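Breakdown of the fold
Chain by chain, the residues:
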Amino acid sequence: MTQGKLSVENKSNEGSLQTPQPPSYQEATAGESPSYSDTYLNEEEMFTQFCWDDVNVRRIFIRKVYAILLLQLSVTLAIVSLFTFCEPIKDYIQSNPGWYWASYVVFLVTYLTLSCCVQPRRRFPWNLILLTVFTLSLSYMTGMLSSYYNTKSVMICLGITVLVCLTVSVFSFQTKIDVTSCQGVLCVICTSFFICGLVLALIIPFAHVPWMQTVFAALGAILFSMFLAFDTQLLMGKKRYNISPEEYIFATLNIYLDVVYIFSFILQLFGMQKD
């Protein structure tokens, strides 16, 4: 009987250890314990801080790209003005076309290097050196092209280019349309542009076709205006495709090339050549 009582008491004690009494409301609320709301607030604060850092990085990236772009366009504008207004320099570059082809080779080599090779365009100071050589070569080509046109028409085309580029840039920053997802449209216009340029290159040695040159220049201006919107939204981010902040040289290269090509095609479209 005594052993039976002890076993029953032991079982009751074991049962009381396995299933303890729940604490009262006062006991549960008196102590400090971690709550889910605090954890959620901490995670939300960390997420907000991460987004703020990402926005800051993107803004610094945009400022850096446009600062370099402003220097490039200033150099190009200075060379175009020099080749347009200075008659001795204009006569020299027109009588020596070999410099144009040399600058074209330099432009092509530096462009392919900066576009296709990741290491040169990310390694300082070689990326800035290559970008400087690229800017000077393309500026020389643009200045030589401008020297064959009337001075007033060159200035007018410069003004038109500034208005077009500002309009496209503001549109790209403000619109909700994702231009980076319109790659099919750009591909179709590129194909038409390539075919038109190929036909024009075959016809020019045999005959002069003004209307086809006008169509080619109009397609080129439209195409590179769309590329400017595309590259601007890649620079901004928050779209389907974006560009890494480490690629500030590549972003500057693309936008600068778009602006210069827009000016070249507008000059061919509206410029008046000298007799």
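Everything numeric in this text was worked out from a predicted model, so none of it was measured.

1. Digging into the packing of helix α8 (residues 151–174) against helix α11 (residues 248–270)
Between α8 and α11, the least distance of the axes is 9 Å, while the angle of their chain directions is 135°. One way to sum up the angle between α8 and α11 is to call them oblique. Once α8 is placed against α11, the crossing between them reads as right-handed. Residues Ser153, Val154, Cys157, Leu158, Ile160, Thr161, Val164 and Cys165 of α8 pack against Val259, Ile262, Phe263, Ile266, Leu267 and Phe270 of α11.

2. Some remarks on helix α5 (residues 98–116)
The terminal C-alpha atoms of α5 lie 27 Å apart, and with 19 residues this matches the ideal 27 Å at 1.5 Å per residue to within 8%. Taken together, the buried positions of α5 are occupied by Ser103, Phe107, Thr110 and Leu114. Angularly, the buried residues of α5 cover 80° about the axis, an arc narrow enough to put them on a single face. Exposed and oriented more than 90 degrees from the buried face of α5 are Trp101, Val105 and Cys116. Taken together, the buried residues of α5 touch α6 (118–122), α7 (126–146) and α11.

3. Some details on the state of the cysteines
Under the defined criterion, the tally for this structure stands at zero disulfides. Between Cys187, a free cysteine, and Cys190, which holds the nearest cysteine sulfur, the sulfur-to-sulfur gap is 6.8 Å.

4. Considering the pattern of salt bridges
In total, this model carries three salt bridges according to the counting rule given. The residue Arg121 makes a salt bridge to Glu247 at a minimum N-O spacing of 2.6 Å. Taken together, the positions of Arg121 in helix α6 and Glu247 in the loop between α10 (210–236) and α11 put the pair 126 residues apart, joining distant regions of the chain. Grouping residues by exposure puts Arg121 and Glu247 together as buried. Each member of the salt-bridge network shares a partner with another, and the members are Arg121, Arg122 and Glu247.

5. Quick word on a nonpolar patch on the surface
On the surface, a nonpolar cluster with roughly 500 Å² of combined accessible area is contributed by Phe194, Ile195, Leu198, Val199 and Leu202. Its location among the elements puts Phe194 in helix α9 (residues 183–203). By relative accessible area, which is 57% here, Phe194 ends up exposed.

Calculation criteria
Residues numbered from 1 in each chain as written. Predicted model: local features only at pLDDT ≥ 70, side-chain atom pairs only at ≥ 80, totals over all residues. Heavy atoms only, no water. Axes fitted to C-alpha atoms, helices over the stretch in contact; angles between N-to-C directions. Helix = DSSP H or I, 4+ residues; strand = E, 2+ residues; numbered from the N terminus. Parallel < 35°, antiparallel > 145°, perpendicular 65-115°, else oblique. Left-handed = near helix turned anticlockwise from the far one by under 90°. Contact = heavy atoms within 4.5 Å. Expected span 1.5 Å × (residues − 1). Buried < 20%, exposed > 50% of the residue type's maximum accessible area, 1.4 Å probe, protein only. Arc of directions from axis to C-beta. Disulfide = S-S within 2.5 Å. Salt bridge = Lys/Arg side-chain N within 4 Å of Asp/Glu carboxyl O. Patch = residues over 30% accessible without salt bridge, like charges linked within 9 Å, V, L, I, M, F, W, Y side chains within 5 Å. Areas by Shrake-Rupley, 256 points an atom, 1.4 Å probe, with all protein chains shown as cover.

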